[in-house]
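Below, each chain spelled out in residue letters.
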Amino acid sequence: MLWSAVLGPVLDQRPPSLATWVVVVVMVLSVAVPAPAVHALVRSPEREPGLRTACTGLAVVCAGDTTSSRSFLVDGHSADAASVALWLLGWTTVLVGALLHRHRDQRPVARAEMSGGTVMALAGAGVTVLVTASNAARAGTTGEQVLFWLSTAVLLLVVCRTLLELRRTTRLQHHLEQRVEERTRALADRRQRFASLVAHSSDLVLVVDAEQRLAYANPGAARLLGLAHGSTVGRPAAEHLHGDEEGARALAAIESALAAGVRQLELRLALRHADGHRVDVDAVVTDLLADPDVRGLVVNGRDVTAARELERQLTRQAFSDALTGLPNRALFEDRLEHALRSRGTRGPVKVCYLDLDGFKAVNDTLGHGAGDELLVLVAERLLAAVRQGDTVARMGGDEFAVLLDEGVELAEAERLARRICEAVRQPFSVRATEVHIGTSVGLASTRTAGHGAEELLRAADLAMYEAKSTRKGGVAVFAPHMLEALVERVQLEADLRRAVDQEEFRVVYQPLVDMATGGVSGVEALVRWHHPEHGVVVPADFIPLAESTGLIDAIGAFVLREACGQVATWRAEVPGAEQMRLSVNLSGHQLHDPGLVSAVVEALGASGLPPTSLVLEVTESVFVGQDDAALEVLEALRALGVRLAIDDFGTGYSSLSYLHRLPVDIIKIDKSFVDRLSDAGDLSLVDAIVAMADVLGLATVAEGVEHEHQRAALAAQGCSTGQGYHFSPPVEPHLLPELVVGALHARAVPASELASELASELASDPAPEPVGGSAGA
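Residues numbered from 1 in each chain as written. Predicted model: local features only at pLDDT ≥ 70, side-chain atom pairs only at ≥ 80, totals over all residues. Heavy atoms only, no water.

Asker: Is there a simple way to explain the sheet that holds strand 4 (residues 278–288) in this structure?
Answerer: Strands sit in the order 2-1-5-4-3 across an open sheet of five strands; the sheet is antiparallel. The open sheet has two free edges, formed respectively by strand 2 (214–217) and strand 3 (264–272), since each of these has just one partner strand. On average, each strand axis in the sheet is tilted by 25° relative to the strand beside it, whichever way the strands run. Relative to strand 2, strand 1 (residues 204–208) runs antiparallel, the two sharing three bridges. Note that in strand 2 the partner of Val 208 across the bridge is Leu 214. Lying over the sheet, helix 9 (residues 244–259) contacts strand 3, strand 4 and strand 5 (296–303), oriented at roughly 160° with respect to strand 3. (Pairing = 2+ DSSP bridges. Helix = DSSP H or I, 4+ residues; strand = E, 2+ residues; numbered from the N terminus. Axes fitted to C-alpha atoms, helices over the stretch in contact; angles between N-to-C directions. Contact = heavy atoms within 4.5 Å.)

Asker: Explain the pairing of strand 7 (residues 391–396) here, please?
Answerer: Most of strand 7 is tucked away, with five of its six residues classed as buried. As judged from the five bridges shared by strand 7 and strand 8 (residues 399–403), these two strands associate in the antiparallel manner. By the bridge assignment for strand 8, Thr 391 is matched with Leu 403. Here strand 7 folds back onto strand 8 in antiparallel fashion, the turn holding two residues, of which Gly 397 has a positive phi close to 60°. (Buried < 20%, exposed > 50% of the residue type's maximum accessible area, 1.4 Å probe, protein only.)

Asker: Explanation requested: the sheet that holds strand 12 (residues 475–477) in the structure shown.
Answerer: Strands in a sheet are paired, the pairing made by backbone hydrogen bonds, and the direction either parallel or antiparallel. In spatial order, the strands read 7-8-6-11-12; together these five strands make up an open sheet with mixed pairing. Taken across any chain shown, the strands that pair with only one partner, and hence form the sheet edges, are strand 7 and strand 12. Neighbour-to-neighbour, the strand axes of this sheet turn through a mean angle of 20°, independent of strand direction. The strands touched by helix 16 (residues 453–470) within the sheet are strand 6 (350–357), strand 7, strand 8, strand 11 (438–445) and strand 12, with strand 11 carrying the most contacts at an inclination of about 140°.

Asker: Even after reading the chapter, I still don't get the pattern of salt bridges, so can you show me in this structure?
Answerer: Side-chain pairing between opposite charges can occur once the charged atoms of the two side chains come close. All chains considered together, the criterion is met by 27 salt bridges. Here Arg 638 makes a salt bridge to Asp 665, at a shortest N to O gap of 2.8 Å. Taken together, the residues Arg 638 in helix 23 (residues 628–639) and Asp 665 in the loop between helix 24 (656–661) and strand 19 (666–669) connect sequence positions 27 residues apart. Judged by its relative accessible area of 35%, Arg 638 is partly exposed. Salt bridges linked by common partners bring Glu 524, Glu 617, Lys 668 and Glu 703 together as one network. (Salt bridge = Lys/Arg side-chain N within 4 Å of Asp/Glu carboxyl O.)

Asker: Sorry if this is basic, but what is going on with a positive patch on the surface here?
Answerer: The grouping of Arg 179, Arg 183, Arg 190 and Arg 193 at the surface amounts to a positive patch. Examined against the element boundaries, Arg 179 turns out to sit in helix 7 (residues 143–200). (Patch = residues over 30% accessible without salt bridge, like charges linked within 9 Å, V, L, I, M, F, W, Y side chains within 5 Å. Areas by Shrake-Rupley, 256 points an atom, 1.4 Å probe, with all protein chains shown as cover. Lys, Arg positive; Asp, Glu negative; His and termini not counted. Charge placed at Lys NZ, Arg CZ, Asp CG, Glu CD.)

Asker: Sorry if this is basic, but what is going on with the side chain of Thr 324 here?
Answerer: Among the structural elements, Thr 324 can be located in the loop between helix 10 (305–319) and helix 11 (329–343). Among the residues examined, Thr 324 registers a relative accessible area of 17% and is labelled buried. There is a polar contact of 2.7 Å between the side chain of Thr 324 and the side chain of Asp 321. Side-chain polar atoms of Thr 324 contact the backbone nitrogen of Leu 326, separated by 3.3 Å. If sequence neighbours within four positions are ignored, Thr 324 has contacts with Leu 375, Val 376, Ala 379 and Arg 394. (Polar contact = N/O pair within 3.5 Å; in protein donor to acceptor, adjacent residues only side chain to side chain.)

Asker: Hey, could you run me through the packing of helix 11 against helix 16 in this one?
Answerer: Helix-helix packing is characterised by the crossing angle of the two axes and by the distance between the axes. Between helix 11 and helix 16, whose axes approach to 9 Å, the crossing angle comes to 115°. Here helix 11 is positioned roughly perpendicular relative to helix 16, judged by the angle of their axes. The interaxial crossing formed by helix 11 with helix 16 has right-handed handedness. For the pair helix 11 and helix 16, the contacting residues are Phe 332, Glu 333, Leu 336, Glu 337 and Leu 340 in the first and Ala 453, Leu 456 and Leu 457 in the second. Its residues placed into classes, the contact of helix 11 with helix 16 shows six nonpolar, no polar and two charged. (Parallel < 35°, antiparallel > 145°, perpendicular 65-115°, else oblique. Left-handed = near helix turned anticlockwise from the far one by under 90°. Nonpolar A, V, L, I, M, F, W, Y, C, P; charged D, E, K, R; others polar.)

Asker: Mind showing me how you'd approach helix 11 here?
Answerer: Side chains three or four residues apart in an α-helix point the same way, a direct result of the helix having 3.6 residues per turn. For helix 11, with 15 residues, the first-to-last C-alpha span of 20 Å sits near the 21 Å given by 1.5 Å per residue. Here helix 11 has its buried residues at Leu 331, Phe 332, Leu 336, Ala 339, Leu 340 and Arg 343. Structurally, the start of helix 11 carries an N-cap: the backbone nitrogen of Ala 330 is 3.3 Å from a side-chain oxygen of Asn 328. (Expected span 1.5 Å × (residues − 1).)

Asker: Whenever I open this one, the environment of Leu 258 confuses me. Can you help?
Answerer: Turning to its location among the elements, Leu 258 is positioned in helix 9. In this structure Leu 258 comes out as partly exposed when scored by relative accessible area, which is 30%. Sequence-wise, Leu 258 and Asp 287 are 29 residues apart; in three dimensions their C-alpha atoms are separated by 7.5 Å.

Asker: I tried to follow the packing of aromatic side chains on my own but got confused; where do I start?
Answerer: Two descriptors summarise a pair of aromatic rings, namely the distance from one centre to the other and the angle between the planes of the rings. Enumeration according to the criterion identifies four aromatic pairs in this entry. Between Trp 529 and Phe 542, the ring centres sit 5.6 Å apart and the planes meet at 80°, which makes this aromatic pair edge-to-face. Linking Trp 529 in strand 14 (residues 520–531) with Phe 542 in helix 18 (residues 539–549), this pair joins segments that are 13 residues apart in sequence. Judged by relative accessible area, which is 0%, Phe 542 ranks as buried. The structure contains a cluster of three or more aromatic residues connected by ring pairs, namely Phe 505, Trp 529 and Phe 542. In this structure, Arg 381 is placed above the aromatic ring of Phe 428, and the distance from its NZ or CZ to the ring centre is 3.7 Å. (Phe/Tyr/Trp six-rings, centres within 6.5 Å; stacked < 30°, edge-to-face > 60°. Lys NZ or Arg CZ within 6 Å of the ring centre and 35° of its normal.)

Scope: geometric values only; no functional claims are made or implied.
This is the structure:
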């Protein structure tokens, strides 16, 4: 185009000058520089208005340059009006394009470098034009020949460019084919891996189509349901649901979720195995009906049948008794709470609480296995005794509870409680042994016990202990005074513990009198509690509580230390007390105290009292009920030189065999036998006891001697020692020496007169309990 329009005519007319070459070079550059921009715009997929406008302006500027160059080279004139108009129009158009581009949204632009082939082609074109024009000017070649060679050169360049592009395109195509092959292979591997995972997964994978038929089922689903792989495809999905009601609920839940637009739903499905048993599955249902590759509901599920069974077992263990199968305490309290909420406003809720009397003896004699069998049999009888609708529960150990059904009146509830007692009272056969036990039942109602579950159970428990303490094997109905007694007992226990810590106890002494001489041969130590608020508390009010709480050990140790020290002092300082002996009571609980022997040794050592001067008294019933370990303790005490006495003899198991076996030295005749003695009374029992003691080599002490004729009868029958109000009541330590000295210097004066002289001094002492027994501590 440049040659035909400008250079050719110039060279045909005259030889070019230096100015002509400058114009030619500028003209070539002015055309060659905008050409790549226009070329890039034409090939670019982006058609931004500002760039198009600017490139159009550059093309117009090129046309103005070409017109101006022709006018200068051909006509010898400077730029004409056409050139100026084209320049003005071109640069104005470039400015408009720049303004349009300035207001577009700015974004990062990937700047691609021009390829080597493009640069070579453009440079070759420019060099070709200049070289050709130069050669033509020197050789005087005609315009047609130059045009031929220029055309040939451009054609060669185009062919080279085409070959370069073809080579580049081929390489790009090969690279793209490799990428596509790699991606295809990776995709195939992923699909194969996914298919393998699904096929070998133990989880269930199903696809249910829009008609609710199975479009796909993985081998895991077939194994889970016990079916052949592929046999389920095309079958209705509902056929594999277990139970019509459960299946209908599951389908309804899925349909409701789909209607609400929920894409994914988690639920538990109950499926049917091929053999009919239930299979529990935790499933996730995903709606892919709109996905052209799936067109169905995808169900992913995991078998939780074993976990559900374990959960049910744990629930049974948590809320039922493993041994009897009855509800346990947790379930009973839950049902009681529900009953209080649901029917507590319509009428009183009633509860029975019971435990077994004699159950420990069965465990100790036949073993714990037999005890467990007995509990199972008791549970069966309780279920048979109650009515339908009543709840029987095992609360632990040998304790049971019954929640009565609604509408039961108090009289009917009492009849039910007695029926339970009668059922338990009947003999049981346990391991080929006939076993007899009983039960005590406490009955409580919200009408008197309060409306809380805890309050109701506590009230029934209190009533049960009331029944046990008053009439074993009976029934007691809760009354508010029982709770008051419990509060008093709790307060008394707290006070008793404080009394042990602060040593609020005092020891008083009752003389033991020689029947023949009237002298004081010994004393019995009796404990009194000086309460800071209630004054003196007699042993009958606190000794049973001390035994049940174990505080009796500390109290007994205190009495032993105090009494041993006091008697040792009297033996050393009081005339007539040189051979005084000391009697101290022992409870059954103390016999099981491992520190009893060491406490006796310590008390004797600290006081200096000879062991032969100490007599430890144990009631007859406690003696008989002890095991071999307790008997060994008694033997150890006797080995120290301490003498042992049977207190309250004749009121329990007065057996010659155990008298011969037990390590005792003294028999204390109970007050009930002494009371029978009168001028014309029955002397045979006391005479028999004294004679038996003589035969066995045992000394005798008569308790509760209150009259002279009793003393005379006992002395006549050969009883060596007496104790009672006829001689003296229990006295404070500072008063006893006067009794000892008085008896020593006035043996002809009856001891009763000496006791009456002390009456005014003892006015502050409370009326003491009957002498002897564990109440003396």
